2 protein chains.
Amino acid sequence: MFSQQMYTLGSRRSVIREIFEYGKIRSQQIGAENVFDFSIGNPNVPAPACVNETLVKLIQTMDSTALHGYTSAQGDQGVRAAIAGNLNARFGTRFTANHLYMTVGAAASVSICCKAVAQPEDEFITFAPYFTEYRVFVEATGAKLVVVPPDLDSFQMDFDAFQGLINPHTKAVIINSPNNPSGVVYSKETIQQLCGILEQKQKEYGHPIYLITDEPYREIVYGDIEVPFLTNYYKNTFVCYSFSKSLSLPGERIGYVAVGYEMEEGDKIYAAVCGAGRALGYVCAPSLFQYLVKECVGQTSDLSVYKQNRDLLYNALTGYGYTCVHPDGAFYLFVKALEKDAYAFCERAKKYELLLVPGDDFGCPGYVRVSYCVKTSTIQKALPAFQKLAEEYK
Amino acid sequence: MFSQQMYTLGSRRSVIREIFEYGKIRSQQIGAENVFDFSIGNPNVPAPACVNETLVKLIQTMDSTALHGYTSAQGDQGVRAAIAGNLNARFGTRFTANHLYMTVGAAASVSICCKAVAQPEDEFITFAPYFTEYRVFVEATGAKLVVVPPDLDSFQMDFDAFQGLINPHTKAVIINSPNNPSGVVYSKETIQQLCGILEQKQKEYGHPIYLITDEPYREIVYGDIEVPFLTNYYKNTFVCYSFSKSLSLPGERIGYVAVGYEMEEGDKIYAAVCGAGRALGYVCAPSLFQYLVKECVGQTSDLSVYKQNRDLLYNALTGYGYTCVHPDGAFYLFVKALEKDAYAFCERAKKYELLLVPGDDFGCPGYVRVSYCVKTSTIQKALPAFQKLAEEYK
């Protein structure tokens, strides 16, 4: 007599959260220093100094009722203008405050965009490996998630498979680059090819196909890698962003939707975004963190430790005989499991106190995700465990 | 090709928000001190000292990644235990941390509870006048909102009408006391009568009927008024709470769902609440404000100004010839409009820079809501405007 769908979602939980909770319990049993928890994308780098300094300044100087009061549902005008200005300066875009809608993080952003555009019979396409919650958000609207199988060589997009799946029911395509879980950044060529197909299909079907790009890892890239900014390539784009990773604030829930500045019927779509936020029970994004973002937009935590971790872990694991694509961004290694069943492999890894996430829920069975947003010393301590695990399979 | 339902929700917005935005613009035009904005329930009393003191302490002493990192999806265990303890001490309840689910405020709480229990063909009943967003949250699940007409004498519940509307499709009843917009507190007798009918109907229909009680105004009551705590009266109760009003933090979005400690299949329902939160795109409630609540639970802002405002406004308005029920709680006066069409009345009020909210969207045409969570001096300055407005109708 309650919703079985919600019960299933809540009792199974996300596999990631499940392992995260196991890690907490295991830490209590044997000490946190003995658990090698590579399960969750919780940044281990502290927020930059500007964050806590600005928080304290706001608290000590702003009027309490202004600081802690409601903002407009779409977010404070000045905050949105500051973000628009920052995007325009960095990416040559033409956003104004009126294209931006503040949210409680990227999960909310994606969920809101899906709700804003979904109609009955709609299909949303995503590319495996994909962030597990896309299925949840799409299905919550009543629409269907269609998954393009992974290209296991490059973890870029398999366009032949995509062309076979896109159809007149396709309402939107959800992408995520730098990618969780593969760490791959979609190249400019990949993006151009994707957008070319979408343009052609929009014409052919006579209706828009939206591109929802989920970009919490935008700033976490290594070397000279460029992450194409999608509204510059495709008009009907929603950019979903979170400050969780760039400012190390995942628990605070602050992010936004940027509605493409050249989107067809953009004003109406923006209104639908506001309506979707309202329908899902959002009132406004947390006000203190909105004002914080206004001051700290453009800054990041010290992200260099992630590169150090990537190099250490990638070199060691490939040395032990593991195979995985070389990640250019985010803080994940997506490693081929050493047996067919990634769940069984992750269970075996637990014997060595290694907490890994099976790739099945990311649409990529046979692989595991290793989150390296942990202390470098944790990786160093964990390497012998990875080595022993590999030896079991020799 | 996008969701017309979401577009309508977003473009019409809530009437309250619409007037709130008008007030902001009008303030820029003629100065905030000349606009008598009685439209929104934004507390004007500062947060108590413990709030900003605790925020600064947490920021300056807690490890950044712990403070700003993800909590469990249902909220930090210690935070939930602290809230459970506080409720048990005050109301003789038997909550544990495992009955509590932290949310981004009461709107999210109600939205999540609706999503957790709704199935196709379901009906949710509420009593007019009711908070406008209940319709939005219920309809977003695909279920139907059924409204019991107001009892215009007492603004308690019209049980004859209720008995005529409850039926085997009734999944839940949503109530709100102290009530927004009437300010009325449902008496113990009203609650007992309601719960008696629900018990009887549960038996008759052979399935649970949930009671969703939306209680952001619980602490804002005047004199010796008691607000019955619903889980003590009815097992299948969800308590939806927000710290927005009691701690003057409406912009920060922090609240909870408390699942009745004797609810039938309570563990499963709690899982469905977790699943609904996940489906709607919530990840966790803002971590800094979770930890804040742990320290400040049981404290409130100085609420005495609301009583002072109520007395001032109620006495003056009834003196000018307005009629309205005497409110025992919240910070709203629900006044009979001086013409049949409350929209027309509110438009006329704007001539005097009085911003009032028509009662139509609360299910009570012909009435207007006056939010008196404003400075007492604003009320004093506004009284001549109310008087002139009344004189127009004489």
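Undergrad: Is there a simple way to explain the overall build of chain A in this structure?
TA: In terms of regular secondary structure, chain A is built from 14 helices and 12 strands. Against the globule reference of 21 Å for 394 residues, chain A gives a C-alpha radius of gyration of 21 Å, in line with a compact fold. When the backbone C-alpha atoms are referred to their principal axes, chain A occupies close to 60 × 55 × 55 Å. Burial status across chain A gives 65% buried among its 394 residues. Residue pairs at least 24 apart in sequence account for 75% of intrachain contacts in chain A once pairs closer than 6 positions are excluded. With an accessible surface of roughly 13400 Å², chain A has 49% of that area assigned to carbon and sulfur atoms. Measuring between centres, the 35 positive side-chain charges of chain A sit 3 Å from its 41 negative side-chain charges.

Undergrad: Before we go on, may I ask you to explain the side chain of A:Thr103 in this structure?
TA: All names here are of chain A. Take threonine 103: it is sitting in strand 2 (residues 100-103). Polar contacts involving the side chain of threonine 103 include one to the main-chain carbonyl oxygen of glycine 105, which spans 3.0 Å. At 2.9 Å, the side chain of threonine 103 forms a polar contact with the side chain of serine 109. When sequence neighbours within four positions are dropped, the list of residues in contact with threonine 103 reads Ala108, Ser109, Ile112, Arg253, Ile254, Gly255, Tyr256, Val257 and Ala285.

Undergrad: Is there a simple way to explain the side chain of B:Thr132 in this structure?
TA: All names here are of chain B. Structurally, threonine 132 is set in the loop between strand 3 (123-127) and helix 7 (133-140). For threonine 132, a relative accessible area of 10% translates into the label buried. Not counting chain neighbours up to four residues away, the residues in contact with threonine 132 comprise Ile16, Asp361 and Phe362.

Undergrad: Help me understand the sheet that holds strand 8 (residues 255-259) of chain B, please; the structure alone is not making it clear to me.
TA: Strand pairing in a sheet takes place through backbone hydrogen bonds and is either antiparallel or parallel in direction. Residues and elements named next belong to chain B. Read across the open sheet, the 7 strands follow the order 2-8-7-6-5-3-4; overall the sheet is mixed. Single-partner strands in this sheet number two, and they are strand 2 (100-103) and strand 4 (144-148). Neighbour-to-neighbour, the strand axes of the sheet open up by a mean angle of 20 degrees, direction not taken into account.

Undergrad: Looking at this model, I keep getting lost on the pairing of strand 3 of chain B. Mind explaining?
TA: Every other side chain in a regular strand lies on the same face of the sheet, so the side chains alternate between the two faces. Residues and elements named next belong to chain B. Across the 5 residues that make up strand 3, a large majority, 5, are buried. Burial along strand 3 is two-sided: the residues Glu123, Ile125 and Phe127 and Phe124 and Thr126 are all buried. You can see the chain leave strand 3, run along helix 7 and come back into strand 4, and the turn it takes is right-handed.

Undergrad: Sorry if this is basic, but what is going on with the sheet that holds strand 12 (residues 367-371) of chain A here?
TA: All names here are of chain A. Read across the open sheet, the 3 strands follow the order 9-12-11; overall the sheet is antiparallel. Only two strands of the sheet have a single neighbouring strand rather than two, namely strand 9 (332-336) and strand 11 (357-358). As judged from the 5 bridges shared by strand 9 and strand 12, these two strands associate in the antiparallel manner. Among the inter-strand pairings, lysine 336 is bridged to a residue of strand 12, identified as tyrosine 367.

Undergrad: I'm lost on the relation of the copies chain B and chain A in this one. Help?
TA: The operation relating the two chain copies consists of a rotation about an axis and a shift along that axis. Between chain B and chain A, the superposition needs a rotation of 180 degrees and an axial shift of 0.0 Å, giving an RMSD of 0.0 Å. Taken together, the rotation and translation relating the two chain copies correspond to the operation of a two-fold axis. A share of 100% of the interface residues of chain B reappears at the interface of chain A, consistent with the copies meeting face to face through the same patch.

Undergrad: What exactly am I supposed to notice about the packing of helix 5 (residues 77-91) of chain A against helix 11 (residues 287-296) of chain A here?
TA: Between two packed helices, what matters for the description is the angle formed by their axes and the separation of those axes. Residues and elements named next belong to chain A. At a minimum axis separation of 9 Å, helix 5 and helix 11 run at an interaxial angle of 35 degrees. The way helix 5 lies across helix 11 gives a crossing that is left-handed. Contact with helix 5, carried on its side by Gly78, Val79, Ala82 and Ile83, involves Gln290, Tyr291, Val293 and Lys294 of helix 11 and no other residues of that element. For the contact of helix 5 with helix 11, the residue count by class is 5 nonpolar, 2 polar and 1 charged.

Undergrad: Looking at this model, I keep getting lost on the interface of chain B and chain A. Mind explaining?
TA: Interface extent is often summarised as the accessible area lost during association of the parts. On the side of chain A, 82 residues touch chain B, which itself brings 82 residues to the contact. Across the interface of chain B and chain A, roughly 6600 Å² is buried in total on both sides, 58% from carbon and sulfur atoms. Area buried by chain B at its contact with chain A is led by B:Met1, B:Tyr70 and B:Arg278, which between them contribute 14% of it. Counting across the chain B and chain A interface gives 2 salt bridges. Between A:Arg278 and B:Glu133 there is a salt bridge; the shortest N-O distance is 2.7 Å. At the junction of chain B and chain A, the tally comes to 43 residue pairs in polar contact (both at pLDDT 80 or more). Counting residues per element, the side of chain B that touches chain A draws most heavily on helix 10 (residues 266-279) of chain B, which supplies 9 residues.

Undergrad: How should the packing of aromatic side chains be read in this particular structure?
TA: The description of two aromatic rings rests on the distance between their centres and on the angle between their planes. Under the definition given, this model contains 45 aromatic pairs over all chains. Measuring from ring centre to ring centre gives 5.5 Å for A:Phe38 and A:Phe386, while their planes differ by 55 degrees; the resulting arrangement is tilted. With A:Phe38 in the loop between strand 1 (36-37) and helix 3 (49-61) and A:Phe386 in helix 14 (residues 376-392), the pair connects residues that are 348 residues apart, well separated along the chain. The class for A:Phe38 is buried, based on a relative accessible area of 0%. Here B:Tyr306 and B:Phe331 contribute two aromatic rings whose centre-to-centre distance is 5.0 Å and whose plane-to-plane angle is 55 degrees, an arrangement assigned as tilted. Taken together, the positions of B:Tyr306 in helix 12 (residues 304-319) and B:Phe331 in the loop between helix 12 and strand 9 (332-336) put the pair 25 residues apart, joining distant regions of the chain. The burial state of B:Tyr306 is the same as that of B:Phe331; both residues are buried. Among the aromatic side chains, those forming a connected cluster through ring pairs are A:Phe91, A:Phe95, A:Phe229 and A:Tyr261.

Conventions used here
- Per-chain numbering applies: the sequence of each chain, read as written, is numbered from 1 onward.
- Numbering of ligands from 1 and lettering of chains from A proceed in the order in which they are written.
- It should be noted that, the model being predicted, local features are given only for residues of pLDDT at least 70 and side-chain atom pairs only at 80 or more, the latter also being counted only at that level, while totals for whole chains, interfaces and linings use all residues.
- Computation of side-chain values covers all heavy atoms of the structure but excludes hydrogens and water.
- To qualify as a helix, a DSSP run of H or I must reach at least 4 residues; to qualify as a strand, a run of E must reach at least 2; elements of each kind are numbered from the N terminus.
- Radius of gyration here is computed from C-alpha atoms only, and the compact-globule reference equals 2.2 Å multiplied by the residue count raised to the power 0.38.
- Under the scheme applied here, a residue whose accessible area is under 20% of the maximum for its type counts as buried, over 50% as exposed, and between as partly exposed, the area being computed with a 1.4 Å probe on protein chains only.
- Residues count as neighbours in contact if any of their non-hydrogen atoms are within 4.5 Å of one another.
- With residues, only the protein chains shown are counted as cover, and all accessible areas are computed by Shrake-Rupley using a 1.4 Å probe.
- Under the convention used here, Asp and Glu are negative, Lys and Arg are positive, and both His and the chain ends fall outside the count.
- For charged residues, the charge sits on one atom: NZ in Lys, CZ in Arg, CG in Asp, CD in Glu.
- Definition of a polar contact: a pair of N or O atoms within 3.5 Å, with one able to donate and the other able to accept a hydrogen when the atoms are protein atoms, and with sequence-neighbouring residues admitted only if both atoms are side-chain atoms.
- Strands qualify as paired when DSSP identifies two bridges or more between them.
- To get an axis, a line is fitted to the C-alpha atoms, and for a helix only the part in contact is used. The angle between two axes follows their N-to-C directions and goes from 0 to 180 degrees.
- The handedness of a crossover follows from its direction of travel: if, with the strands pointing away from the viewer, the path from the first strand over the helix to the second runs clockwise, the crossover is right-handed.
- The superposition of copies rests on a least-squares fit of C-alpha positions from residues with pLDDT of 70 or more in both.
- Throughout, a crossing is termed right-handed when the near helix is turned clockwise from the far one, and left-handed when it is turned anticlockwise from it by less than a right angle.
- In this count, Pro and Cys sit with the nonpolar residues alongside Ala, Val, Leu, Ile, Met, Phe, Trp and Tyr, while Asp, Glu, Lys and Arg are called charged and the others, Gly among them, polar.
- In this description, buried area is defined as the sum, over both parts, of the accessible area (probe of 1.4 Å) that is lost when the two are combined.
- By convention in these notes, a salt bridge is any Lys or Arg side-chain nitrogen within 4 Å of a carboxyl oxygen on Asp or Glu.
- Side-chain rings of Phe, Tyr and Trp (the six-membered ring for Trp) are treated as a pair once their centres are within 6.5 Å; stacked means planes under 30 degrees apart, edge-to-face means over 60, and tilted covers the remaining angles.

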